[in-house]
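Okay, here's what each chain looks like letter by letter:
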Amino acid sequence: MRRKTLLTLVTVFGLVASPVVASAGQSGGWEGTWATAVHEANEGFVPNWSVEGFANQTVRQVVRVSQGGPAIRIQLSNRYGSSPIAITGATIGRAGTGAAVSDLRPLSFNFKKSAVVPAGGQIASDIALLPVRPLESLTVTLYFAKPTGPVTYHGLGLATAYRAAGDHQNDLDGTAFTEKSESWYLLSGVQVLDPSPQRDVVVAFGDSITDGAGIAADTNDRYPDELAERVRGRFGVLNQGIGGNQVLTDTDFAGEAAVKRFKADVLDQPKVRTVIILEGINDIGMSDIEFPGVPPRPLVTPQQLIDGHRTLIRQARAKGLRVIGATLLPYKGAAYYTERGEKVRDEVNNWIRTSGEYDAVVDWDKVMADPNDADLMNPAYDIGDRLHPNAAGYHAMAAAIDLNAL
């Protein structure tokens, strides 16, 4: 019965069961409910398994979706891999306590249990008949029988991933998963089936402040999480932030420059209507000090950052997307703060506010400022490093977004 229903869905929505794709594309019927921006294997901000990879091990990863749907599929990315990676088996289910899972479903790829993710590419699973609700947490489990080598991943996941020796993809209680990490591995997207051709997905694109640096793991307190809670499944919200990311410069630890990764992380996502862009503070701060993994370069200028933002705007407009610009948050007192950098931030923010080049603006600079010093982050919103918001700060950021502008 399940296979018959799956074939019916394929027929009705005109879907190929398991397309192997170079990018997500504008696939008919599919739209994002969860995503993460991947980058190459590295040591990262927190300990992770990306460099060593996996061999005869099972990895169980938890994600919280933003919108619901009658069926689901996952995407696995090997974008930064130099060799193909074999997936021996995979399952998906509803997340329980810790690594426990319920309503487990096998995942297939072109109706086969195993698959190979090509070097530099990605694949999508077949349709999984697991109806999901908005804001529900799901668990994706991948078994790697053969050594993978380094794996494409997302470093600052802030959601617990679990690892077990051997094949435990079908375990329900999760007791075999004794190792933990806070990153996502190969898993780059979860999509739900939607018959409507309407674009109704919003992408949050940015650096560590979009990524959620500063929150506790498994709390779902990032600003895109809070935005998803505000809209309660009326549209999808995808978080494509990378901690440490910059508009103009590639780094070893924080991915390709925003102007390079924008296509894969935003434009190639299906049914996107709006992107919120919050990028630039790392370009400023990391050009003012020496920072590991960042190539030496001249001090960044306001015009260079404005030109970078204009590149993003042009790319988005060419795909028919609505583009919302976010002002850069106060950062006085942060480790890489300088008075020169503050002047650059002020000029870039003034351009975002007044140029009219963005379709709309969310003025997080003003929302997050200390009432007594506009260059400081409000202590009520600060984790203590004068740069990253706490949970209350991320909540305030989401609350400041005009839903009518989306």
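See the structure printed just above.
The structure contained in this document is the topic of the report that follows. Predicted, not measured: the structure shown is a model, and the values here were computed from it. (Residues numbered from 1 in each chain as written. Predicted model: local features only at pLDDT ≥ 70, side-chain atom pairs only at ≥ 80, totals over all residues. Heavy atoms only, no water.)

**Observations concerning the overall build of the chain**
Part 1 of the argument: Scanning the chain from terminus to terminus reveals nine helices and 22 strands.
Part 2 of the argument: A globule of 406 residues ought to have a C-alpha radius of gyration of about 22 Å, and the chain, at 21 Å, matches this closely.
Part 3 of the argument: Here the C-alpha coordinates of the chain stretch approximately 65 × 40 × 35 Å along the principal axes.
Part 4 of the argument: The buried share of the chain, reckoned over its 406 residues, is 59%.
Part 5 of the argument: Counting every atom, the chain has about 15,300 Å² of accessible surface; 52% of that belongs to carbon and sulfur.
Part 6 of the argument: On the chain, the mean spot of the 38 positive side-chain charges and the mean spot of the 45 negative ones are 9 Å from each other. (Helix = DSSP H or I, 4+ residues; strand = E, 2+ residues; numbered from the N terminus. Rg over C-alpha atoms; globule rule 2.2 N^0.38 Å. Buried < 20%, exposed > 50% of the residue type's maximum accessible area, 1.4 Å probe, protein only. Areas by Shrake-Rupley, 256 points an atom, 1.4 Å probe, with all protein chains shown as cover. Lys, Arg positive; Asp, Glu negative; His and termini not counted. Charge placed at Lys NZ, Arg CZ, Asp CG, Glu CD.)

**What to know about the pairing of strand β22 (residues 373–377)**
Part 1 of the argument: Sheet topology places strand β21 (residues 369–370) next to β22; two bridges connect them, and they run antiparallel. Bridged to Ala369 within β22 is Met377. (Pairing = 2+ DSSP bridges.)

**What to know about the side chain of Ser77**
Part 1 of the argument: Its location among the elements puts Ser77 in strand β4 (residues 72–77).
Part 2 of the argument: On the accessibility criterion, Ser77 (1% relative accessible area) is buried.
Part 3 of the argument: In this structure, Ser77 is in contact with Val38, Val117, Gly121, Gln122, Thr152, Leu186 and Ser188, ignoring residues within four places of it in sequence. (Contact = heavy atoms within 4.5 Å.)

**Points about the packing of helix α4 (residues 258–267) against helix α6 (residues 302–318)**
Part 1 of the argument: As a packed pair, α4 and α6 sit with axes 10 Å apart at the nearest point and diverge in direction by 25°. In terms of axis orientation, α4 runs roughly parallel to α6. The crossing of α4 and α6 is right-handed. Contacts between α4 and α6 involve Ala258, Val259, Phe262, Lys263 and Leu267 from the former and Gly308, Thr311, Leu312, Gln315 and Ala316 from the latter.
Part 2 of the argument: The class makeup of the residues in the contact of α4 with α6 is six nonpolar, three polar and one charged. (Axes fitted to C-alpha atoms, helices over the stretch in contact; angles between N-to-C directions. Parallel < 35°, antiparallel > 145°, perpendicular 65-115°, else oblique. Left-handed = near helix turned anticlockwise from the far one by under 90°. Nonpolar A, V, L, I, M, F, W, Y, C, P; charged D, E, K, R; others polar.)

**Brief notes about the packing of helix α5 (residues 281–288) against helix α7 (residues 339–354)**
Part 1 of the argument: Two elements in contact, α5 and α7, have axes whose closest approach is 10 Å; the angle formed by their N-to-C orientations is 160°. For the element pair α5 / α7, the angle class is roughly antiparallel. The element α5 and its partner α7 pack so that their crossing is right-handed. Of the residues in α7, those touching α5 at Ile281, Ile284, Ser287 and Asp288 are Arg340, Gly341, Val344 and Arg345.
Part 2 of the argument: Its residues assigned to classes, the contact of α5 with α7 shows three nonpolar, two polar and three charged.

**Things to note about the nonpolar core**
Part 1 of the argument: Ranked by size, the top nonpolar core spans 69 residues in total, and within it Phe262, Val275, Ile276, Trp364 and Met397 carry the most contacts.
Part 2 of the argument: Aside from chain neighbours lying at most four places away, what touches Met397 is Ile209, Tyr223, Leu278, Leu329, Trp364, Met368 and Pro389.
Part 3 of the argument: The next biggest cluster of nonpolar side chains, apart from the first, holds 35 residues, and it includes Trp49, Val65, Ile92 and Val117. (Core = buried A, V, L, I, M, F, W, Y, C linked by side-chain atoms within 4.5 Å.)

**Some details on the sheet that holds strand β6 (residues 89–95)**
Part 1 of the argument: One open sheet holds the six strands; their spatial order is β7-β6-β10-β3-β12-β13, and the pairing between them is antiparallel. In the strand order of this sheet, the two ends are held by β7 (101–107) and β13 (179–181), each with one partner. Taking the axes of each pair of neighbouring strands and ignoring which way they run, one obtains an average angle of 25° across the sheet.
Part 2 of the argument: Strand direction decides the pairing type here: β6 and β7, joined by five bridges, are antiparallel.

**Considering the pattern of salt bridges**
Part 1 of the argument: Per the counting criterion, the structure on display carries 25 salt bridges.
Part 2 of the argument: A salt bridge links Lys263 to Asp268; the shortest N-O distance between them is 2.9 Å.
Part 3 of the argument: The exposure class of Lys263 is partly exposed, given its relative accessible area of 46%.
Part 4 of the argument: Judged by its relative accessible area of 8%, Asp268 falls in the buried class.
Part 5 of the argument: Measuring nitrogen to oxygen at the nearest pair gives 3.9 Å for the salt bridge that ties Asp363 to Lys366.
Part 6 of the argument: Residues participating in the shared-partner salt-bridge network are Glu342, Arg345, Asp346, Arg353, Asp363, Asp365, Lys366 and Asp375. (Salt bridge = Lys/Arg side-chain N within 4 Å of Asp/Glu carboxyl O.)

**Describing the pairing of strand β16 (residues 201–206)**
Part 1 of the argument: Counting buried positions along β16 yields six of six residues, so the element is predominantly enclosed.
Part 2 of the argument: Direction of pairing for β16 relative to strand β17 (residues 236–241): parallel, over a ladder of six bridges. Counted as the bridge partner of Val201 is Gly236 from β17.
Part 3 of the argument: Across six bridges, the pairing between β16 and strand β18 (residues 272–278) is parallel. Bridge pairing links Val202 to Thr274 in β18.

**Quick word on the side chain of Gln269**
Part 1 of the argument: The topology assignment puts Gln269 in the loop between α4 and β18.
Part 2 of the argument: A polar atom in the side chain of Gln269 sits 3.2 Å from the backbone oxygen of Ala264. (Polar contact = N/O pair within 3.5 Å; in protein donor to acceptor, adjacent residues only side chain to side chain.)

**Looking at helix α9 (residues 391–399)**
Part 1 of the argument: Of the residues making up α9, those classed as buried are Gly393, Tyr394, Ala396, Met397 and Ala398.
Part 2 of the argument: Of the surrounding elements, those touching the buried residues of α9 are α2 (208–211), α3 (223–231), β18 and α8 (364–367).

**So, the environment of Leu406**
Part 1 of the argument: Its place among the elements puts Leu406 in the segment after α9.
Part 2 of the argument: Residue Leu406 is classed as buried on the basis of its relative accessible area of 8%.
Part 3 of the argument: It is 39 Å that separates the C-alpha atoms of Leu406 and Gln169, two residues lying 237 residues apart in sequence.

It is worth stressing that arrangement in space is one thing and function is another; only the former is reported here.
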